[in-house]
Amino acid sequence: MVSMRAAPVDEEPEGPFRALPPGLHAQLRPYFADITEEVVEAIRTEIAEYARPADDTYMQGVHRGVDHALQGFLERMATPDTDWEPVKATYERIGRGEAEEGRSLDSFQAALRLGARVTWRRVNALVDAGLLPRTVLGAFGEALFVHLDRMAAATTAGYTEARMHAAGELQQRRSRLVDLLTADPPASAEAIAGLAHTARWPVPRAVAVAAIDSAALPVARPIVPPEFLARFDMQPGVLVVPDPEGPGRARDVAGALNGLPAAMGPAVPLREGARSLRWAAEALGLMRRGVLASTGLIRCRDHLSTLLLLRDDALVDAMAERWLGPLAQVRPPQRERLAETLLAWLGSGRNANEVADRLAVHPQTVRYRMRRLEELFGRRLADPSAQFEMQLALRAHELRRRAPADAAE
């Protein structure tokens, strides 16, 4: 938007009007109808936004606006102490109208400047013709541009207010849409589509929801692409990603979050965002505990087994007690070595040489440890069902062991 010159706030805006010669407004009034026509014609021909000669209603509106501005200027010349507030309110309404129509103020401000130039040129012509004394030009020019500045300032204030109000309403709708998309039980497709329309969000076929650690957010909230929906005013913060399997989507999300700890749930149908958010929140919890990488964006689909095994700590504890109880008979350092060996043995087809390679120890060490495990577990080591349960319990134990002891829960 092209900025207008503003009158210094510490100057009295009526001062230039009081400096005008008495009666000047009466001398000028007979010429202002012609000046109005010339200004309208200049605006119509020189500013593309107003070039609508076939639209009589629109051009009548332009004519009324120019006439209103010039008559208001004459009134202020006649009575400098006239209350400015009603005029100010008029131009604030004009600014709000421009914003609501989706236009910038560039054309309107250009029209104001053009009107001032035409008016100034015509008054100069009157002076040159001897119809006005040349001594009036200085005070008249200053008063004209003070009036122009005040009109421009009022219009800009109305425009800015309307834009901020519209932006606030739009953000409220988009925040509400996040709530609808992650509601459990799910909202109706009709409700989602209706709100999406007013929130200017094209409805996709699928979404994924990312959970963001709000405690790590900077003071300046991330600026996300308009096709994403975001709420950073809750814990965890939420980002709804449309069509998450599209090319470059994960990169776009990671770029928008700029290294913030976050987890993105699976792609789901539009009405199942709650499930995607639930998985993402669980993964974010594992990030806080240090089980998963605690920086940047992770995708739940890359950690499904971890999410499955660690989604219920009490269940993991019960499973460990049920199947790994015999290890409690062993001192802690040896207990960890035996647990590590047992997990490698169960995962390698019970091949001692392969276990030795995995653990970087001698095969004889593996055989020694396995004899000790057989003493502890007995026939359960030969039971396929028991082997499966023990492997799950050991894997969960290993995952939890990665987390630092002082990691935040």
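Calculation notes
- Residues numbered from 1 in each chain as written.
- Predicted model: local features only at pLDDT ≥ 70, side-chain atom pairs only at ≥ 80, totals over all residues.
- Heavy atoms only, no water.
- Axes fitted to C-alpha atoms, helices over the stretch in contact; angles between N-to-C directions.
- Helix = DSSP H or I, 4+ residues; strand = E, 2+ residues; numbered from the N terminus.
- Parallel < 35°, antiparallel > 145°, perpendicular 65-115°, else oblique.
- Contact = heavy atoms within 4.5 Å.
- Nonpolar A, V, L, I, M, F, W, Y, C, P; charged D, E, K, R; others polar.
- Core = buried A, V, L, I, M, F, W, Y, C linked by side-chain atoms within 4.5 Å.
- Buried < 20%, exposed > 50% of the residue type's maximum accessible area, 1.4 Å probe, protein only.
- Pairing = 2+ DSSP bridges.
- Phe/Tyr/Trp six-rings, centres within 6.5 Å; stacked < 30°, edge-to-face > 60°.
- Lys NZ or Arg CZ within 6 Å of the ring centre and 35° of its normal.
- Salt bridge = Lys/Arg side-chain N within 4 Å of Asp/Glu carboxyl O.
- Arc of directions from axis to C-beta.
- Expected span 1.5 Å × (residues − 1).
- Polar contact = N/O pair within 3.5 Å; in protein donor to acceptor, adjacent residues only side chain to side chain.

Q: Requested: an account of the packing of helix α12 (residues 332-346) against helix α14 (residues 363-377), with residues and values cited.
A: Interaxial distance between α12 and α14 falls to 10 Å at its minimum, and their mutual angle equals 95°. Of the possible angle classes, the one that applies to α12 and α14 is roughly perpendicular. Two secondary-structure elements touch here, α12 through Q334, R337, L338, T341, L342 and W345 and α14 through V366, R369, M370, R372, L373, L376 and F377. Per-class residue counts for the contact of α12 with α14 are 8 nonpolar, 2 polar and 3 charged.

Q: Account for the nonpolar core, naming residues and giving values.
A: Nonpolar side chains in soluble globular proteins tend to end up buried together. Ranked by internal contacts, the top residues of the largest apolar core, which has 47 residues, are L20, L24, L28, I43, F73, M77 and F140. Among the secondary structure elements, those contributing two or more residues to this core are α2 (24-46), α3 (56-78), α4 (85-100), α5 (106-128) and α6 (137-181). For I43, the contacting residues outside a window of four places in its chain are Y50, V62, V66, A111 and L114. Residues V268, A280, M287 and V316 belong to the second largest nonpolar core, which totals 35 residues.

Q: Mind laying out the pairing of strand β1 (residues 206-212), listing which residues take part and the relevant values?
A: β1 sits mainly inside the fold: 6 of its 7 residues count as buried. Direction of pairing for β1 relative to strand β5 (residues 268-269): antiparallel, over a ladder of 2 bridges. Residue V207 lies in a different strand from β5, and its bridge partner there is V268. The pairing of β1 with strand β3 (residues 237-242) spans 6 bridges and is antiparallel. By the bridge assignment for β3, A210 is matched with L239. Note that β1 and strand β4 (residues 262-264) share 3 bridges and pair antiparallel. Residue pairing for β4: A211 is matched across the bridge by A263.

Q: Report on the packing of aromatic side chains, specifying residues and quantitative values.
A: Enumeration over the complete set of coordinates arrives at 3 aromatic pairs. An angle of 70° between the planes, with centres 5.9 Å apart, marks the rings of F17 and F73 as edge-to-face. Residue F17 is found in helix α1 (residues 15-18), and its partner F73 is found in helix α3; the two are separated by 56 residues along the sequence. Taking the centre distance of 6.4 Å and the plane angle of 15° together, the rings of W120 and F140 count as stacked. Of this pair, W120 sits in helix α5 while F140 sits in helix α6, placing them 20 residues apart in sequence. Judged by its relative accessible area of 28%, W120 falls in the partly exposed class. Three or more aromatic residues link up through ring pairs in this structure, and these residues are F17, F73, W120 and F140. In this arrangement the basic side chain of R322 is found over the ring face of W323, its NZ or CZ atom lying 4.1 Å from the centre.

Q: Let's hear about unusual backbone geometry: which residues, and what values?
A: The omega angle of the peptide bond from D184 to P185 is 5°, so this bond is cis rather than trans. By the secondary structure assignment, P185 is in the loop between α6 and α7 (189-198). Geometrically, the link from Q235 to P236 is a cis peptide bond, its omega value of -5° lying close to zero. When you line up the elements, P236 lands in the loop between β2 (229-231) and β3. Positive phi, close to 60°, is recorded for R200, a residue that is not glycine. With respect to the secondary-structure elements, R200 resides in the loop between α7 and β1. By relative accessible area, R200 is classed as exposed at 66%. The backbone phi angle of A360 is positive, close to 60°, even though this residue is not glycine. The topology assignment puts A360 in the loop between α13 (352-359) and α14.

Q: Help me get a handle on the pattern of salt bridges, residues and values and all.
A: Tallying each qualifying case throughout the model produces 19 salt bridges. The partner of R44 in a salt bridge is E41, with the nearest N and O atoms 2.6 Å apart. Of the two residues, R44 and E41 are both situated in helix α2; the distance of 3 residues between them amounts to about one turn of the helix. Among the residues examined, E41 registers a relative accessible area of 39% and is labelled partly exposed. E272 serves as the salt-bridge partner of R275, at 2.7 Å between the closest nitrogen and oxygen. Given the relative accessible area of 28%, R275 is considered partly exposed. For E272, a relative accessible area of 34% gives the class partly exposed. Here the residues in one salt-bridge network are R289, D313, D317 and R400, joined through shared partners.

Q: I'd like a description of α7, backed by residues and values.
A: The α-helix winds at 3.6 residues per turn, so residues separated by three or four positions along the chain end up facing the same way. Of all the positions in α7, only I192, L195 and A196 are classed as buried. Buried residues in α7, looked at end-on, bunch into an arc of 105°, giving them a common side. Relative to its buried face, α7 has exposed residues pointing more than 90 degrees away, namely E190 and H197. The first or second residue beyond α7 is R200, which carries a positive phi of 60°.

Q: Hey, could you go over the side chain of T182 for me, with residue numbers and the actual values?
A: Structurally, T182 is set in the loop between α6 and α7. In this view, T182 contacts V209, G273, A274 and L277; residues no more than four positions away in its chain are not counted.

Q: With reference to specific residues and values, describe helix α11 (residues 313-324).
A: Its 12 residues place the ends of α11 15 Å apart at the C-alpha level, agreeing with the 16 Å of an ideal helix rising 1.5 Å per residue. Turning to α11, its buried residues are V316, M319, W323 and L324. With its buried residues spanning 90° around the axis, α11 presents them on a single face. Seen from the buried face of α11, the exposed residues on the opposite side, beyond 90 degrees, are A314 and E321. Those residues of α11 that are buried are in contact with α10 (304-309), α14 and α15 (384-402). Measuring from the backbone nitrogen of A314 back to the side-chain oxygen at the start of α11 gives 3.1 Å, which picks out D312 as the cap.

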